[in-house]
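# A structural walkthrough
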Amino acid sequence: MSSVLVVTFMSVWFRVAKGLSTVPYAPEVTPHNLLGRVTSTTLTLQQPVCFFNNLSGLPCAPDNCEIWLVIARGDGVPKFEAIKGNTSVLMSSPYPDAFRNNSSPNYFLTKLGVQNAFPCAESTGFRFFRVGDEGLCSTSNCNGILPAGSTVRAKYVLLDPGSKQVVSESQWSSPISLIALSDSAGIDEWIGKRSGGMIVVTSILSSLLAILLLFLLTAFVLRCTGFQKVKQDVTMPPALGSVRVKKYSTHNVRNAEAVHSPGVTHTVTTRT
């Protein structure tokens, strides 16, 4: 209990003595050519690397202070500015209701990580944070998608997890316009608006498709009508082996000689 009171006292002292400090940085869309860097409902920001590393006298340690992102549209910017000093700032605008209608708060907060996770030291590659990465989520501080085609602004804040209060913040970003969706009914489909190359490619593909269908239809008809060559198997009779034939002579023939024929054996018997 005493530790909680000490943390709360330090947080209040820090805010009264120094006020809410603002670092001279602002979130920016990543300059790298990433796929889907800005879409109709999401955007990709540079991470707050080295944003809050030079602060001193904070009521929380670098491995404990939390960095959060605030995303707002329209009047959401002044609405957040009016309540950012409250201890209930994290629950002031839960995501599912943040952009529900015109009377909604029009801002929400989502967590990036602790302060020392974004050091000033150079790192290999590039680091970014994709806003809206969790889609249509339902928890209070989830990273949900933005209203399609809207214009938003962003800022990073450093929050003391003990008192649940913002102890430092970045500047607001410049307005970021998401990609506006086109109405399909307004697309002009007249062929005269197409380029000559597109017309040629479309004609060639249509002709090839017609030829392919003709071949398939011909093959189907030939198969159904039985127009096929039937392979006939011819069975040869087995080869004759050695045949033994008895040959008899009449009674008046004596000392007859055996007559041999290739492959045939004759036996001659003489009667007396």
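Below is a short write-up of the structure. Just so it is clear, the structure is predicted and the values come from calculations on it, not from any experiment.

## Some remarks on the pattern of salt bridges
All chains considered together, the criterion is met by 7 salt bridges. Between Lys-155 and Glu-81 there is a salt bridge, with the nearest N and O atoms lying 3.0 Å from each other. Here Lys-155, found in strand β6 (residues 151-160), pairs with Glu-81, found in helix α2 (residues 76-83); they are 74 residues apart in sequence, far enough to count as distant. On the basis of relative accessibility, which here comes to 29%, the residue Glu-81 falls in the partly exposed class. Through salt bridges with shared partners, one network takes in Glu-81, Lys-84, Lys-155 and Glu-169.

## Things to note about the side chain of Ser-150
Looking at where Ser-150 falls in the secondary structure, it is placed in the loop between β5 (128-131) and β6. Judged by relative accessible area, which is 9%, Ser-150 ranks as buried. If we skip the residues at most four places from it in the chain, Ser-150 touches Arg-73, Ile-176, Ser-177 and Leu-178.

## Points about the packing of aromatic side chains
The full count for this structure, using the stated rule, is 8 aromatic pairs. Between the aromatic rings of Tyr-95 and Phe-108, the centroid separation amounts to 5.1 Å while the plane-to-plane angle is 70 degrees, which identifies the pairing as edge-to-face. Note that Tyr-95 is positioned in helix α3 (residues 95-98) and Phe-108 in strand β4 (residues 107-114), a separation of 13 residues in sequence. The pair Tyr-95 / Phe-108 is uniform in exposure class, with both members buried. When the ring of Phe-99 is compared with that of Phe-108, the centres are 5.9 Å apart and the planes differ by 90 degrees; the resulting orientation is edge-to-face. Comparing Phe-99 with Phe-108, the two get one shared label, buried. Among the aromatic residues, those joined into a cluster by ring pairs are Tyr-25, Phe-51, Phe-52 and Tyr-156.

## Quick notes on the pairing of strand β7 (residues 165-169)
The buried count for β7 comes to 5 of 5 residues, which makes it a mostly enclosed element. Looking at chain direction, strand β1 (residues 21-22) and β7 are connected through 2 bridges and run parallel. Each bridged residue has a counterpart across the sheet, and for Ser-21 the counterpart in β7 is Ser-168. As paired elements, β6 and β7 share 4 bridges and run antiparallel to each other. Looking across to β7, one finds that Leu-158 is bridged to Ser-168. Between the antiparallel neighbours β6 and β7 lie 4 residues, among them Lys-164 with a positive phi of about 60 degrees.

## What to know about unusual backbone geometry
Positive phi, normally seen in glycine, also occurs at Cys-50, with a value near 70 degrees. In this fold, Cys-50 is placed in the loop between β2 (43-46) and β3 (66-73). Although it is not a glycine, Lys-164 adopts a positive phi angle of roughly 60 degrees. Relative to the helices and strands, Lys-164 resides in the loop between β6 and β7.

## Looking at the environment of Phe-108
Given the relative accessible area of 1%, Phe-108 is considered buried. Taking C-alpha positions, Phe-108 is 8.8 Å from Phe-80, a pair spaced 28 residues apart along the chain. Apart from the residues lying within four places of it in its own chain, the contact partners of Phe-108 are Leu-69, Val-70, Ile-71, Ser-93, Tyr-95, Ala-98, Phe-99, Cys-142, Gly-144 and Leu-146.

Thresholds, definitions, all that
- Residues numbered from 1 in each chain as written.
- Predicted model: local features only at pLDDT ≥ 70, side-chain atom pairs only at ≥ 80, totals over all residues.
- Heavy atoms only, no water.
- Salt bridge = Lys/Arg side-chain N within 4 Å of Asp/Glu carboxyl O.
- Helix = DSSP H or I, 4+ residues; strand = E, 2+ residues; numbered from the N terminus.
- Buried < 20%, exposed > 50% of the residue type's maximum accessible area, 1.4 Å probe, protein only.
- Contact = heavy atoms within 4.5 Å.
- Phe/Tyr/Trp six-rings, centres within 6.5 Å; stacked < 30°, edge-to-face > 60°.
- Pairing = 2+ DSSP bridges.

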